[in-house]
Structure formats: C-alpha cells, structure tokens
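# Coordinate analysis (summary)
Here is what each chain is made of, one letter per residue.
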Amino acid sequence: MSPSNAVHYDRWFQTADADRDGRVTGADAVAFFGRSGLPREVLATVWELANDRRLGYLDRLAFHKAMDLIALAQSGRPVSKENYLAQIDSGGFRLPVLAGLSDAEGNPLDGNPGG
C-alpha cells in the first residue's frame, strides 16, 4: 500500500465504521465492500484474509489490507495470500474502485486527487 492509499483508506475506514467504535464488523463490511461491485464470494475471501486474527471485525490495519485485496481482485487477479504478497513485492496496489468514493480509474472522489 502506498502512503497516499493509507490516507484514503483511513477516511474510508471512518465511513465504513458506522457506529464509530474503531471496528468494521461483518455487517459494516458487507455494506461497504459491496461498493466494489465484486461478487460476494470474492468479498468473503477478502474478509477471511483481512480478518486473519479471527477477531470477528477489522481494525484499521486489517481494513487497509481488505482494501488492498479488493484492489487486487479488481485488477483481475485471484484473491489469495500469495497474490497479495506478490503484489506488495511488485510495487503495491492501486486504489480500489468503490461506488461513491472513487471513480472508474480508482481516483478518490474526496477532492484530494493523487493523495
């Protein structure tokens, strides 16, 4: 994840954390991750890999990982731990495309293009 992605991910975390408790629960994630347009089975894999500590929710850093995994899926690559690590090694992730939060190229719609 690039430093500029982290800024956007932090803003998006605040949006996804509907009750502002510092956690994105499964229900929060279903609603927020659905903005990606990805199939539910792909999003279930994203949740499983991002929630690797099996806490039942995503903290800020796990949410960042989920966003990277969504970007990976949107790039056409299968969502797996191996592909995630390979993408980190090859230079990181583009911002994912999320309805209402980024345009079709993954540019954020928060008035701060490019980070």
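Residues numbered from 1 in each chain as written. Predicted model: local features only at pLDDT ≥ 70, side-chain atom pairs only at ≥ 80, totals over all residues. Heavy atoms only, no water.

Let us now look at the packing of aromatic side chains. Following the criterion strictly, the structure yields six aromatic pairs and no others. Their ring planes at 70 degrees and their centres at 6.5 Å tell us that Phe 32 and Phe 33 sit as a pair that is edge-to-face. Relative accessible area serves as the criterion here: at 3%, Phe 32 is assigned to the buried category. Relative accessible area serves as the criterion here: at 2%, Phe 33 is assigned to the buried category. The structure contains a cluster of three or more aromatic residues connected by ring pairs, namely Phe 13, Phe 32, Phe 33 and Phe 63. The positively charged end of Arg 23 is found above the aromatic ring belonging to Tyr 57, 4.4 Å away from the centroid. (Phe/Tyr/Trp six-rings, centres within 6.5 Å; stacked < 30°, edge-to-face > 60°. Buried < 20%, exposed > 50% of the residue type's maximum accessible area, 1.4 Å probe, protein only. Lys NZ or Arg CZ within 6 Å of the ring centre and 35° of its normal.)

Right, let's talk about the UniProt feature "domain: EH" (unreviewed entry) in the protein for a bit. Taking the UniProt record as the reference, the feature "domain: EH" (unreviewed entry) is found at residues 5-76. Secondary structure across residues 5-76 comprises 64% helix and 6% strand; the distance between its end C-alpha atoms is 19 Å. (UniProt positions renumbered as here; feature names shortened; annotations may be inferred. Helix = DSSP H or I, 4+ residues; strand = E, 2+ residues; numbered from the N terminus.)

A word on the confidence of the model for the protein. Summing up the model confidence of the protein, the mean pLDDT is 89 and the portion of residues at 70 or higher is 91%. Predicted confidence for residues 111-115 stays below pLDDT 50, and this span has six contacts to residues more than four positions away or in other chains. (pLDDT = per-residue confidence, 0-100. Contact = heavy atoms within 4.5 Å.)

Even without glycine at this site, Arg 20 takes up a positive phi of about 55 degrees. Residue placement: Arg 20 occurs in the loop between helix 1 (3-16) and strand 1 (24-25). Located in the positive-phi region is Arg 54, a residue other than glycine, with phi close to 55 degrees. Take Arg 54: it is sitting in the loop between helix 3 (40-50) and strand 2 (57-58). Accessibility expressed as a relative area gives 55% for Arg 54, which makes it exposed.

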